[in-house]
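Now for the letters of each chain:
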Amino acid sequence: MLLESTIYNLTSDCSAYISQGEEAEIDSIIRQAIEQGKSAGVVTTARLTHATPAATYAHSPDRNWESDADIGPANGACKDIAQQLIDNNHDIQVLLGGGRRAFLPVSEPDPETNAPGVNKRMDGRNLVDDWESIQQGKNNNYRYVWKKQDFDDVDPDEVDFLLGLFSPSHMQYELERDTSGDGEPSLAEMTDKAIKILRRNKNGFALMVEGGRIDHAHHENKAKKSLEETVQFEEAIKMAMSLIDQKDTLVVVTADHSHPFSLTGYTNRGNPILGLVDPLGINIEPTLDGLPYTSLLYGNGPGYTSPRQDLTGVNTETTDFIQQSAVPLEFDTHSGEDVGIYALGPMSHLFHGVHEQHYVAHVIQYAACIGEYAKNCRKKSGTLRSVIHGNPEV
Ligand SMILES: [Zn+2]
């Protein structure tokens, strides 16, 4: 079935959204997997209500409507994203990430810091309590956790429904992560726990794992942080690969967009990736302004200065060093290059060359026998599993 050609103009307009009704909603592969009896999970280092994770379970005219406090009175008929997660998607078995503030009432202090004014909900609801009541009412084995020690204590063979909200907003950058019991788990640790819970379903599972902060560090022009987040994303992929069987599990690794981020210059072999292109200024033609430059640069963002800063003697390898950019912006933008897509497992051969982005969802549906391909499989539906890794969106 082709998508309808109607273009819905729903941006930030609740009445337009309501008037279109369910016609305007497209089921995600997470919902389609659950419909076919599979388990499902969403794991991110960003807020669970942030763009990429929200796209797996919510429908909203505005991506920023993460709590009811984010929706103005004129659009009050629309449900916020956190509410949609708890009210309509409590059958997603694993939900791990940040963004606790959208789930808790503004009248209550943050459980971690006891600080007032952190939580956002204006409707008085405690969506975590509500989630626990729902799971209790269904006699499910469930756990809610908000710090690493409690997360570590979760036995994936005993818990069927796991909600983890480890931070009021996004989780910490890996280079700043509190790894103590009071801190936060890593992306790989969350992936490990998620797969061990979900793979117990004989019908298979769908899991979306997002290295959500690669993007955020790029927006700040902080290359070191972004590269470390990318390494952590790789650790999560390695963890997933060690836990699944490629004979029955499709693993897809991709991104939703790029950034104006470049590796430039004819640097010397062995030069640090975060260093100056030619620190001694002897091997390459000098720059026209006579100043050195780093191998990693941004097209736009907060790294712009005028005149360009002289980096001679500056340590460009610190965690918060801001790479130089060509155009001044508070935050760098996304950019338009094609992004890579890598896949292993059943039907992974269907990823090759250049694809339109909606094709990705069709391949996953086809491989996992879900959605419009639920009846296309000769094998009994449910023998295939899928793990989907995504990259972030801000
Ligand atoms: Zn972004």
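Residues numbered from 1 in each chain as written. Predicted model: local features only at pLDDT ≥ 70, side-chain atom pairs only at ≥ 80, totals over all residues. Heavy atoms only, no water.

In this section: the environment of Ala55. When you line up the elements, Ala55 lands in the loop between helix H3 (51-54) and helix H4 (81-88). Overall, the relative accessible area of 54% leaves Ala55 in the exposed class. The sequence separation of Ala55 and Ile29 amounts to 26 residues, and the corresponding C-alpha distance is 10.0 Å. (Helix = DSSP H or I, 4+ residues; strand = E, 2+ residues; numbered from the N terminus. Buried < 20%, exposed > 50% of the residue type's maximum accessible area, 1.4 Å probe, protein only.)

Moving on, we get to helix H9 (residues 223-243). The end-to-end C-alpha distance of H9, which contains 21 residues, comes to 30 Å, matching closely the 30 Å that a straight helix rising 1.5 Å per residue would cover. Listing the buried residues of H9 in full gives Ala223, Lys225, Ser226, Glu229, Gln232, Phe233, Ala236, Ile237, Ala240 and Leu243. (Expected span 1.5 Å × (residues − 1).)

This part is about the coordination of the zinc ion. Only Asp215 (OD), Asp215 (OD), His219 (NE2) and His334 (NE2) from the protein coordinate the zinc ion, and they sit 2.0 to 2.4 Å from it. Classification of the site at the zinc ion as irregular follows from its four donor atoms and the range of 58 to 156 degrees in their angles at the metal. (Donors = N, O, S within 2.8 Å, 3.2 Å for Na, K, Ca; no water. Tetrahedral: all angles 85-135°; square planar, octahedral: opposite > 155°, others 65-115°.)

It is worth spelling out the packing of aromatic side chains at this point. One pass over the full model with this rule turns up five aromatic pairs. Ring geometry for Trp131 and Tyr142: centres 5.9 Å apart, planes at 90 degrees, overall edge-to-face. Pair noted here: Trp131 is in helix H5 (residues 127-137) and Tyr142 is in strand E3 (residues 142-145), with a separation of 11 residues, a long-range link. The class for Trp131 is buried, based on a relative accessible area of 0%. According to the relative accessible area criterion, Tyr142 is partly exposed, its value standing at 24%. With a centroid separation of 4.9 Å and 35 degrees between ring planes, the pair formed by Phe261 and Tyr298 is classed as tilted. Taken together, the residues Phe261 in strand E7 (residues 261-263) and Tyr298 in strand E8 (residues 296-301) connect sequence positions 37 residues apart. For Phe261, a relative accessible area of 25% corresponds to the partly exposed category. A cation sits over an aromatic face here: Lys193 above Phe151, 4.9 Å from the ring centre. (Phe/Tyr/Trp six-rings, centres within 6.5 Å; stacked < 30°, edge-to-face > 60°. Lys NZ or Arg CZ within 6 Å of the ring centre and 35° of its normal.)

Attention shifts here to the pattern of salt bridges. Here the structure, examined in full by the defined rule, presents 23 salt bridges. Of the charged contacts, one joins Lys222 and Asp320 as a salt bridge, the two residues approaching to 3.0 Å between their closest N and O atoms. Pair noted here: Lys222 is in the loop between helix H8 (213-219) and H9 and Asp320 is in the loop between E8 and strand E9 (325-328), with a separation of 98 residues, a long-range link. Among the ionic pairs, Glu235 bridges to Lys238, the shortest N-O distance being 3.3 Å. Taken together, the residues span about one helical turn, with Glu235 and Lys238 both in helix H9 at a distance of three residues. The network of salt bridges with common partners includes Glu176, Glu220, Lys222, Lys225 and Asp320. (Salt bridge = Lys/Arg side-chain N within 4 Å of Asp/Glu carboxyl O.)

Here the structure, examined in full by the defined rule, presents one disulfide. Sulfur-sulfur distance for the disulfide between Cys14 and Cys78 comes to 2.2 Å. In this structure the cystine formed by Cys14 and Cys78 twists about its S-S bond by roughly 105 degrees; its chirality is therefore right-handed. On the criterion of sequence distance, the pair formed by Cys14 in helix H1 (residues 14-20) and Cys78 in the loop between H3 and H4 is long-range, its members being 64 residues apart. By relative accessible area, Cys14 is classed as buried at 2%. When its relative accessible area of 9% is taken as the criterion, Cys78 is described as buried. (Disulfide = S-S within 2.5 Å.)

Under the 1.5 Å per step criterion, the end-to-end length of helix H7 (residues 187-198) is 16 Å for 12 residues, consistent within 8% with the ideal 16 Å. Counting buried residues in H7 gives 10 out of 12 residues, a clear majority hidden from the surface. Taken as a whole, H7 has its buried residues at Leu187, Ala188, Met190, Thr191, Asp192, Lys193, Ala194, Ile195, Ile197 and Leu198. Packed against the buried residues of H7 are strand E1 (39-47), strand E2 (94-98), helix H6 (148-152), strand E4 (161-165), strand E5 (205-210) and H9. (Contact = heavy atoms within 4.5 Å.)

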